[in-house]
Amino acid sequence: MKKVFVKSYGCQMNVYDAERMADMLATEGYSETKAMEEADLVILNTCHIREKAAEKVYSELGRVREMKQEHEAAGRDIRVVVAGCVAQAEGKEILRRAPAVDVVVGPQNYHNLPALLKKSRTDRIVDTEFPIEDKFDHLPAPSKAKTRSRGVSAFLTIQEGCDKFCTFCVVPYTRGAEVSRPVAKILDEALRLADAGVRELTLIGQNVNAYHGEGPDGSIWSLGRLLHRLAEVPGIARLRYTTSHPRDMDEELIAAHRDLPAVMPYLHLPVQSGSDRILDVMNRKHTGDEYRRLIERIRLAQPRLALSSDFIVGFPGETDAEFEETMRLVADVGFASSFSFKYSPRPGTPAADIDAQVPEAVKAERLARLQNLLEMQRQAFNHGTVGQTLDVLLEKPGRHPGQMAGKSPYLQAVQIETDRHAVGEIVTVRITQAGSNSLFGEWVGSGSQAAA
Ligand code: SAH
Ligand code: SF4
Ligand code: F3S
């Protein structure tokens, strides 16, 4: 049997796509391996979001080239595929810079992989045209055993692409225009996952709350309505969605946080900056206060809500005072966990052409200060759960015998002392201690199976 090794960089969309590629290649006779050296096919599923992410691929391709040469010297044929957002953004340039690469395939073209691999016996190929057909219609579902092996929490892509064009971001170029999958297809996939034992679904999309898919009745469904339907799928106890844009948090979605116990009280809602002027130049189309008021409304609907966000420091032209507004917004809102980045100019995006780029040292200093504050908030949030009872979805055996490891409603890793419980169960746990990266707790009862 031939072996495929897939390495994913970047966001959850890539993790999901990597699984779909592996599922399709399984029908072509490939089994998955976690060791690149034993692979006949190496796929690097790349990310273009920041310069560092994109450059990582080329250093990895250097290593792949050495390995390929060694294998070829020993008479073994190795194919190398670059997929994902760098593939879409750089296309042919990758073939020029990386001689080991046989196929470059964009995120909307994975269903063509078997054909591309055949062609690559005689030619080096680039396939980055946005196709008319939906790749998901051509990507086979995995076996039940395979789904089971991936665990009790699964990603499900419901939407792809982005029409927002934030001035710093490559996603609208690498993933194309916003497309929502029809409800019936999402539901089929949810039923299949639940049937294999999945308890928690994370609906994913670059702009997931802009979801507007065709319902079974021909009308257009919002994310709020879709959540209601998915909450009825037997076995599914937890629903999450990511990544959302503040502009697309509509009333129906906010109400779903109030009305559906399965919708976890944890929301990733990137704000990027606290400065109105910077938000405007970023083309985010909302102010800092509008974000604060939105959070108040969601907290009114779901008082147990915790938040996470993404931040960019050193966006072109950002002054000290504007950066302080970001610090103030963080202090005002309070986040349980966050990602923060130094602005990275991306080719082809409007912000990269702004003259007033912020010096690297200033970006580094701002990032350190912001991360310090965010880390303090994260620790405070984790310590705040000590003494509380939380539902924990058990995901795997714990670090030591007699322990199980799972996740709280807030995606905190929790270790509990128990040997009576099984993976996939939701149990109620009293949190006794907060470590730097996980919580510890004791079993107090069987969980409500849905609510936090
Ligand atoms: N769709 C999501 C974000 C996807 S990209 C949203 O609208 O929020 C993930 C995160 O990467 C972004 O939220 C942003 O914080 C960061 N990011 C995107 N482009 C960047 C750039 N050019 N430099 C630094 N960080 C960037
Ligand atoms: Fe990028 Fe903005 Fe779209 Fe998010 S909403 S993917 S940051 S363009
Ligand atoms: Fe990266 Fe593409 Fe995701 S650029 S963050 S892999 S959409």
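Residues numbered from 1 in each chain as written. Chains lettered and ligands numbered in written order. Predicted model: local features only at pLDDT ≥ 70, side-chain atom pairs only at ≥ 80, totals over all residues. Heavy atoms only, no water.

Asker: Before we go on, may I ask you to explain the domain arrangement of the chain in this structure?
Answerer: Accessible area lost upon the coming together of the parts is a frequently used measure of interface size. Domain boundaries in the chain define domain 1 (2-127), domain 2 (135-384) and domain 3 (389-446). Placing a centre on the C-alpha atoms of domain 2 and another on those of domain 3 gives a separation of 26 Å. Counting from both sides, the interface comprises 17 residues of domain 2 and, opposite them, 20 residues of domain 3. Carbon and sulfur atoms make up 58% of the surface buried where domain 2 meets domain 3, a total of about 1400 Å² over both sides. Of all residues in domain 2, V152, R238 and N382 give up the largest surface area on contact with domain 3, accounting jointly for 38% of the area buried on that side. Counting across the domain 2 and domain 3 interface gives 0 salt bridges. At the surface where domain 2 touches domain 3, the tally comes to 8 residue pairs in polar contact (both at pLDDT 80 or more). Secondary structure elements with two or more residues in the side of domain 2 that touches domain 3: β13 (238-242) and α15 (360-384). A total of 5 residues in the side of domain 2 that touches domain 3 trace back to one element, the largest contributor, which is α15. (Domains from an automatic or database assignment. Contact = heavy atoms within 4.5 Å. Buried area = accessible area lost by both parts, 1.4 Å probe. Salt bridge = Lys/Arg side-chain N within 4 Å of Asp/Glu carboxyl O. Polar contact = N/O pair within 3.5 Å; in protein donor to acceptor, adjacent residues only side chain to side chain. Helix = DSSP H or I, 4+ residues; strand = E, 2+ residues; numbered from the N terminus.)

Asker: Explanation requested: the sheet that holds strand β21 (residues 438-446) in the structure shown.
Answerer: Strand order in the closed barrel made by the 5 strands is β17-β18-β19-β21-β20, with mixed pairing throughout. Looking at each pair of strands side by side, their axes are set apart by 55° on average, direction ignored. (Pairing = 2+ DSSP bridges. Axes fitted to C-alpha atoms, helices over the stretch in contact; angles between N-to-C directions.)

Asker: Looking at this model, I keep getting lost on the packing of helix α9 (residues 183-195) against helix α10 (residues 223-230). Mind explaining?
Answerer: Relative orientation and spacing of two packed helices are given, respectively, by the angle between their axes and the distance between those axes. Between α9 and α10, the shortest axis-to-axis distance is 11 Å and the interhelical angle comes to 35°. When the axes of α9 and α10 are compared, the crossing they make is right-handed. Residues V183, I186, L187 and A190 of α9 form the contact with α10, whose participating residues are L226, R229 and L230. Along the lines of polarity and charge, the residues of the contact of α9 with α10 split into 6 nonpolar, no polar and 1 charged. (Left-handed = near helix turned anticlockwise from the far one by under 90°. Nonpolar A, V, L, I, M, F, W, Y, C, P; charged D, E, K, R; others polar.)

Asker: Any chance you could explain the site of ligand 1 here in plain terms?
Answerer: Taken together, 15 residues form the shell around ligand 1, and within it F168, Q206, Q272, D310 and S344 come nearest. One of the backbone nitrogen or oxygen atoms of F168 is found 3.0 Å away from a nitrogen atom of ligand 1. One nitrogen or oxygen atom from the main chain of S344 is found 2.8 Å from a nitrogen atom belonging to ligand 1. Listing elements by their share of the shell around ligand 1, those giving two or more residues are β15 (306-313) and β16 (337-342). (Near = heavy atom within 4 Å.)

Asker: Is there a simple way to think about the site of ligand 3 in this case?
Answerer: Taken together, C11, N14, T46, C47, H48, I49, C85, V171, R175 and Q206 make up the full set of residues adjacent to ligand 3. Among the residues forming the shell around ligand 3, the class breakdown is 5 nonpolar, 4 polar and 1 charged. Counting contributing residues per domain, the shell around ligand 3 is built from domain 1 (2-127) and domain 2 (135-384), each supplying no fewer than three.

Asker: Got a minute to help me understand the environment of H48 in this structure?
Answerer: With respect to the helices, strands and loops of the structure, H48 is situated in the loop between β3 (41-46) and α2 (51-73). Separated by 39 residues in sequence, H48 and A87 place their C-alpha atoms 8.7 Å apart. Every residue in contact with H48, bar those within four places of it in the chain, is listed here: A54, C85, V86, A89, E90, V170, T174 and R346.

Asker: It is not clear to me how the sheet that holds β15 should be interpreted in this structure. Could you clarify?
Answerer: To summarise the sheet geometry, strands pair through backbone hydrogen bonds and adopt either a parallel or an antiparallel arrangement. Overall, parallel pairing links the 3 strands, which are arranged β14-β15-β16 in an open sheet. For this open sheet the edge positions go to β14 (266-268) and β16, each flanked by a neighbour on one side alone. Strand-to-strand twist in this sheet, taken as the mean axis angle between neighbours without regard to direction, amounts to 10°. Alignment of β15 against β16, held across 6 bridges, turns out to be parallel.

Asker: I'm lost on the pairing of strand β19 (residues 413-417) in this one. Help?
Answerer: Side-chain direction in a regular strand flips from residue to residue, so the side chains alternate between the two faces of the sheet. Pairing geometry for strand β18 (residues 403-407) and β19, over 5 bridges, is antiparallel. Residue pairing for β19: A405 is matched across the bridge by Q415. Between the end of β18 and the start of β19, which pair antiparallel, lie 5 residues, with L411 showing a positive phi angle near 60°. In the sheet, β19 pairs with β21 via 5 bridges, with the strands oriented parallel. Looking at β21, one finds that A413 is bridged to S438.

Asker: What exactly am I supposed to notice about the packing of aromatic side chains here?
Answerer: Remark: the centre distance and the inter-plane angle together describe each pair of aromatic rings, the angle taken between the planes. Scanning the entire structure with this criterion turns up 7 aromatic pairs. On the numbers, 5.5 Å between centres and 75° between planes, the contact of F165 with Y173 is edge-to-face. Assessed through its relative accessible area of 39%, F165 is described here as partly exposed. Judged by relative accessible area, which is 39%, Y173 ranks as partly exposed. Geometrically, the ring pair formed by F168 and F315 is edge-to-face, given 6.5 Å between the ring centres and 85° between the ring planes. Linking F168 in the loop between β8 (159-160) and α8 (171-174) with F315 in the loop between β15 and α14 (320-333), this pair joins segments that are 147 residues apart in sequence. Pair check on accessibility: F168 and F315 agree, each one buried. Chaining the aromatic ring pairs together yields one cluster made of F168, F315 and Y343. Directly above the ring of Y16 sits R20, whose terminal nitrogen or CZ lies 4.8 Å from the centroid. (Phe/Tyr/Trp six-rings, centres within 6.5 Å; stacked < 30°, edge-to-face > 60°. Buried < 20%, exposed > 50% of the residue type's maximum accessible area, 1.4 Å probe, protein only. Lys NZ or Arg CZ within 6 Å of the ring centre and 35° of its normal.)

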